[in-house]
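# Structural overview
The primary structure of each chain is shown beneath.
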Amino acid sequence: MRAEIDKIVSLSDGDSTAELQTYLSSLKNDQVITVNDQVYKSDLELKISTTEGSNRRLLVYQHCIPLCESGDLQTEVAADIIGLLMLETRTLSGPSLAQLASLFVDAIKVGKMGSGKSLELFPTVLTALAACEALSYGKGKCKLLALQEIPPLVYQLLLLSAKGCKKQVLDGIIGYFKDQDVRQEEEQKHGESLDLEVQSIPQDQLRHVEGTAILHIVFAIRLDHELGREFLKTFKMSYSDLCPFSVALLLSVARIQRYEEQVFDLLKGAIIKSFKDEQLQQGSKFLQDLLPKHCSVAQMILDTVKNSVFGWDHVTQGLVQLGFFLMDTFGPKPGPFGKTTDGSATIARTPTQQSCKLGGQMLLQGFKIHEPIRGEILEQVLNRLVTKTASPVSHYLDLFSDIVISAPMILLESSSKVTETFDHLSYLPLATVQGLLKAVQPLLKVSMSLKDALILVLRKAMFSSQLDGRKSAVTGFLLLLKNFKVLGSLASSQCSQAIQVDVHSRFNSAANEAFCLEILSSLRRCLGQQADVRLMLYEGFYDVLRRNSQLASSIMQTLLSQLRRYYEPEQDLLPPVKLEPCITAHGDQVYLQEPLVLSSIFVTLCSCFSEEEEGYQSELQTILESMTRRMIKCELEDFELDKSAEFSLGSSVGVKNNIYAVLVMGVYEVLIEYNFIKANYSKSCFEELMQLFNCYHKLSEILKEKSGKGRVPSHKTPRSLLSMGFISTLLTVLFRDSTQSKEEALLVLRSSGEFVRYAVSVAVQKIQQLEETGHTDGPDGHNTDRTFRFLCDMTSVLMWRYTNIPSVVEEAGKKEKRSSLSLLCLEGLLRIFTTCQQRYPDKMAQLLSNMEDDPEPDDGSVTEMNFFYIRQFQRALFTQLSGGEEEFNSKEAQLLVSILSVLSRQLKPSSKQFVQMITWTVKICKETSFEDPAFSKGLLSLLFNLHILYKSPVGLLLELCQDIHSQLGDIDQVHTTAVWYQLFTLHSYTLNLLVLSQVDRVLDEVDWLIARKKSQTASDKSGSGKKPLTLTLTWINEKAVTLQLGTLLTALNELVQTAVLSGTCTITLLRELRRIYTILTTLVKYYIQVCATQHGMLPARFEKLVKLSGSHLTPQCYSFITYVQVQLSSDKEFMVMDLTRAKLLRETKAIPDLIFSIEQYEKYLITLSKKSKVNLMQYMKLSTSRDFRINAATLDAALQEQDDSLEEAEETQEPKQKKRKQ
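Residues numbered from 1 in each chain as written. Predicted model: local features only at pLDDT ≥ 70, side-chain atom pairs only at ≥ 80, totals over all residues. Heavy atoms only, no water.

The protein appears in an unreviewed UniProt entry as FA complementation group I from Lates calcarifer.

### Notes on the overall build of the protein
Scanning the protein for helices and strands turns up 51 helices and two strands. Residue burial in the protein is summarised as follows: out of 1222 residues, 48% are buried. Residue pairs at least 24 apart in sequence account for 74% of intrachain contacts in the protein once pairs closer than 6 positions are excluded. For the protein, the exposed area adds up to about 60000 Å²; of that, 52% sits on carbon and sulfur atoms. (Helix = DSSP H or I, 4+ residues; strand = E, 2+ residues; numbered from the N terminus. Buried < 20%, exposed > 50% of the residue type's maximum accessible area, 1.4 Å probe, protein only. Contact = heavy atoms within 4.5 Å. Areas by Shrake-Rupley, 256 points an atom, 1.4 Å probe, with all protein chains shown as cover.)

### Quick notes on the environment of L385
Secondary-structure assignment places L385 in helix α18 (residues 374-387). The spatial distance from the C-alpha of L385 to the C-alpha of L397 is 7.6 Å, given a sequence separation of 12 residues. Dropping the residues within four chain positions of it, L385 is found in contact with V393, Y396, L397, L428, T432 and L436.

### Considering the packing of aromatic side chains
Under the criterion given, the structure shown has 21 aromatic pairs. Ring geometry for F231 against F235: centres 5.3 Å apart, planes inclined by 80 degrees, an arrangement best described as edge-to-face. Placement of both F231 and F235 in helix α11 (residues 225-236) is noted, with a separation of four residues, approximately one turn of the helix. Judged by centre distance (6.4 Å) and plane angle (85 degrees), the ring pair of F833 and F873 falls under edge-to-face. Remark: F873 occurs in helix α41 (residues 859-882) and F833 occurs in helix α39 (residues 821-839); sequence separation between them is 40 residues. Accessibility assignment for this pair places F833 and F873 in one class, buried. Put simply, the rings of F676, Y681, F686 and F726 touch in pairs and so form one group of aromatic residues. Here the guanidinium or amino end of K843 rests over the ring plane of F788, the centre of that ring lying 5.0 Å away. (Phe/Tyr/Trp six-rings, centres within 6.5 Å; stacked < 30°, edge-to-face > 60°. Lys NZ or Arg CZ within 6 Å of the ring centre and 35° of its normal.)

### Focus: the nonpolar core
A general feature of soluble globular proteins is that nonpolar side chains tend to end up buried together. Residues F400, L523 and F873 are the most contacted members of the largest nonpolar core, which totals 186 residues. At 13 residues, helix α32 (residues 652-679) tops the list of elements feeding residues into this core. Leave out the neighbours within four places in its chain, and F873 touches M799, L826, L829, F833, L896, I899, L900 and L903. The next biggest cluster of nonpolar side chains, apart from the first, holds 77 residues, and it includes L287, L968, L1069 and C1117. (Core = buried A, V, L, I, M, F, W, Y, C linked by side-chain atoms within 4.5 Å.)

### Overview of the pattern of salt bridges
Per the counting criterion, the structure on display carries 20 salt bridges. Here R831 ties to E827 by a salt bridge, and the two come within 3.5 Å at their closest N and O atoms. One end of the pair, R831, and the other, E827, are both in helix α39, four residues apart, so they sit about a helical turn from each other. Connected through salt bridges with shared partners, the residues D181, R207 and E210 form a single ionic network. (Salt bridge = Lys/Arg side-chain N within 4 Å of Asp/Glu carboxyl O.)

### Describing the packing of helix α6 (residues 94-110) against helix α7 (residues 121-130)
Following both chains from N to C, one finds α6 and α7 inclined at 145 degrees, their axes separated by 9 Å at the closest point. The chirality of how α6 crosses α7 is left-handed. Here G94, L97, A98, L100, A101, F104, V105 and I108 of α6 lie close against α7, whose contacting residues are L121, F122, V125, L126, A128 and L129. Here the residues of the contact of α6 with α7 sort into 13 nonpolar, one polar and no charged. (Axes fitted to C-alpha atoms, helices over the stretch in contact; angles between N-to-C directions. Left-handed = near helix turned anticlockwise from the far one by under 90°. Nonpolar A, V, L, I, M, F, W, Y, C, P; charged D, E, K, R; others polar.)

### Some remarks on the environment of Q1125
With respect to the helices and strands, Q1125 occurs in helix α49 (residues 1100-1133). For Q1125, a relative accessible area of 29% corresponds to the partly exposed category. Spatially, the C-alpha atoms of Q1125 and S1062 are 9.8 Å apart, while their sequence positions differ by 63 residues.

### Looking at the side chain of Q913
Along the chain, Q913 falls in helix α43 (residues 912-927). Overall, the relative accessible area of 6% leaves Q913 in the buried class. A polar atom in the side chain of Q913 sits 2.8 Å from the side chain of E864. Not counting residues up to four positions away in its chain, the partners in contact with Q913 are T863, E864, F867 and L907. (Polar contact = N/O pair within 3.5 Å; in protein donor to acceptor, adjacent residues only side chain to side chain.)

### Quick word on α32
Counted at 1.5 Å a residue, the expected span for α32 with its 28 residues is 40 Å, and the 40 Å between its end C-alpha atoms agrees. The element α32 is extensively covered by neighbouring structure, given that 21 of its 28 residues are classed as buried. Backbone geometry just downstream of α32 places N680 in the positive-phi region, at approximately 55 degrees. (Expected span 1.5 Å × (residues − 1).)

### Observations regarding unusual backbone geometry
The residue after L574, namely P575, is reached through a cis peptide bond having omega -5 degrees. By secondary structure assignment, the location of P575 is in the loop between α29 (552-564) and β1 (583-586). The backbone phi angle of N680 is positive, close to 55 degrees, even though this residue is not glycine. By the secondary structure assignment, N680 is in the loop between α32 and α33 (683-707). Phi is positive for K1173, close to 65 degrees, though the residue is something other than glycine. The residue K1173 is located in the loop between α50 (1138-1172) and α51 (1192-1221) in this model.

### What to know about the side chain of S1109
Summarising the element assignment, S1109 is placed in helix α49. Looking at S1109, the relative accessible area reads 0%, which means it is buried. Here S1109 is in contact with L1049, Y1077, L1080, T1114, Y1161 and M1180, once residues within four sequence places are set aside.

### Here we look at the confidence of the model for the protein
Taken as a whole, the protein shows an average pLDDT of 78; of its residues, 78% reach a score of 70 or greater. This stretch, residues 193-199, has a pLDDT under 50; its non-local contacts, to residues over four places away or in other chains, come to five contacts. Considering only residues more than four positions removed or in separate chains, one finds that residues 1133-1139, a stretch of pLDDT under 50, has three contacts. (pLDDT = per-residue confidence, 0-100.)

### Quick notes on helix α15 (residues 297-307)
Residues of α15 that are buried: V297, A298, M300, I301, T304, V305 and N307. Its buried side turned inward, α15 meets α10 (203-223), α12 (244-253), α13 (257-282), α16 (313-330) and α17 (351-369). Looking at where α15 begins, the residue whose side-chain oxygen comes 3.2 Å from the main-chain nitrogen of Q299 is S296.

What follows is the structure, given as structure tokens:
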């Protein structure tokens, strides 16, 4: 080593340093250390400017600092070394300075700073480090530090971000906490740490550290708005970068006024886009196979709410604002005439509904875990219930109900806010009042003050000038009667004394009875009000009696006294009911005043067979028996409703007769149900029942005949008063009861085809009402459990009836112009399956299992059972298709296809049953040749819906486009105009539109894929620069997008050569062509963006796609445009209607849009060719100018005509010229 030192000394004494630098570069690191121990003054070695030299300079520092601290050197020598190192510190690079700082920090931690002489160098290193404009050290990630060291480190990093690298700092901090959250989630899922070498961080400590870090970042953003802009820019590109920590950070930043609107708009866009992407991905097997599992922003937000329990007070206010922002923005909107547009379904299906539901979940969870915000949440919910009278508030009612159920005692602390809301009850819509009062029922049972306030408000509302106000009062009182149970019973004579009981003492049966009797006394005033109020009261009494049977005596006494006003007691007089008092007239207008005979009798009938025997039962039965006997004897003339009566709704007499007819039909139905219940399968009683039905049927037929005679048929079948429970029982005994002792009596009912048809029709009507409104009229109509049980019973009966008695056997149904009984059963089954899927989505398996008496099916048996019924309907459809054209029933076939479509949604796409279903559907589509457009459209829609869940439908679309082309022929062919061909063209026209709609759906997926990749590319480009831009999409995505577009181009190439009729189909085809060129342009722009950053070869598949578009589709597009314009010119000659003119105008506008899209595509292809050095335009043919077009044949004809006219002119002018010469 001595020789090396002497060599260095001799070279340093020379004039040139080049030889010294070359020699030093040749030394190894251990040799350098030894030399520097001896020759510390060789400062030239510190000035090597290469990367290797920089590393060696750092090596000298790393060895000299411990050497000075070791105490082996003299004090003066150590001081000289430190002084020299201080002078050369400014020449070190940023990473070297960072490593030196880490060296000092680590030495101080472990106590290696013996003499402390080298600490004089530490401030110099920090000063030089702070002077660096940019610093790249490590991998941009926080190292494994103690948890308490993270907040100070975050704070120092934020200070450092003032010098630059703001995005890297923010990404590093957010990435660290994102990794910790993922680790926590995996540990909770697996129960233990996946990496035993890394100690798990306790969840509560991590959340507190995250909260502190959020405070630091928000404080830094308040001081540095550039940091805030950089932070928001990160998440504007893609929501995939979001995590619970970043969501919490965004909500905290929203407290800064200048960022509030931006943050909520950003989160709103991320949420709705996340739900839309999830819906798109779930509905397409192609996207499911192509992309990983969807990243749910909704779950991130809910995790943020859950994490905020660890003292994140700075986040909670943003959570409340975001929750109400989502509910206000995405809640149900008012439709035409005040109807709700999307509030009918009980489950959130659309992205808008899911976003609204997410807002409610956030507020509910926040209410449970954060005491400071409870008052604000409750106040804002109640304010919206009061103020949003013109908009639906069902989502706020659901939220309020969930709050009451989850925390009733907490809510009582804010009971004053609820009391204030009660004051507005009489001014609120009836639906809002019903939902609000139903929600507060649990509170009324534990709060006397709340109950007293409500009763006071309801009493005032009883005398409101508004009809809805009085309805609200009745609704409130009936709800109170149902929920305050009476365990004992008081005689009617004691009612007056019972009201004086002190109900404030405690809740007992006596107090409840006094309370309920007081309410009944208030409700009696409603018996003199409008028909709507009375009807609501009568129907509500049934539910009250089921929940509070001890009130039967008082209720029945009230109803009987009301019934006597309209009942004719003289047994010899006909009819037995007084119809005149049931209507009222104001000028020429006639209104229903008393619906008692069609509702009150029904209510009393349902309740008179209670367990306890009361005095009113005998009187009621006497009245009903008398009415039965006399109604059978009555003729329609007794009601002035014979065939000569007027039923036109245009006159007051006609309106009055229509009301009378509905009232009388209601009486007949009530008596039918009463006689069935009391008959106990007696033949004589059933014969009386049939006599009642014959009277009902006769009046119904007259009403149909008379109401349909006007210019516009005005007849609408009145809602039946038969209860759903009775209909369920009636259908069962008509079709399934084979008891020997009942057979003779039931034969009376079964022998009447009209009665059996009537029973099935009423069942279908009840199911339709349940599907549309969620409830039915009559008893148990609002009881979801009992209603579902009735549905199960009816499903079993209707299924048995349809499968055991084929429709071809029913000759009567084919002769008459109405649906056969089998069709009615099939329609009922379709409505039941649809209703169950919408209203009871979790009970579909139970519905199917109840049909086979299997109460607890597992997943496998449910799938098998579902497929069993699918097979039955498939066999029925196959029977229809095998019978030939004459025996084919179009309506039945359409119903069967609709049922198959509903049931197939219950199959899992991965199951073998689903594969069998799609195989069968493909086979039927290939073999069916019936010229029925509606059936063909339904069958093809079923095929598309199944196929997209199985694999991409582009191959199927290509086959269908080829079939359409072969059926309709080329655009340059001349076709005959035979009648059979027009029908055939109409059929293909319908399917063509359906195929184009499916093409549009596939284009949606492709467009979404390209946009997704573009956003990822933009995100990578704006990142740290360490992720190189790829020239292509990922191999799988690039292949998938190109194959999809290539197959669609081929399919559309078939259609543009097809002789399509002018109209909607042509317009749709032009639009799809324009859209595919727009998507191709987007793809070209993406490759331009990539080529601008990194040069390389374009994918071979993309070049083939460009070639396919240029050589095949584009020329055919121009030919198709010419074909359409020729059709337009011929249609203009026969244009007589405004509708035709409008269609022609739309077609005319679609053509220039398509041409513009083609030209834009070619324009950007030229740009890409220059960027990629690949001549893509070689595949493009020179396009024809569209400003004007010279038709050669027309030009020749015009020139010939011009020549002929010139010759004629010359011949006429020659004699004149000769005369002049003479």
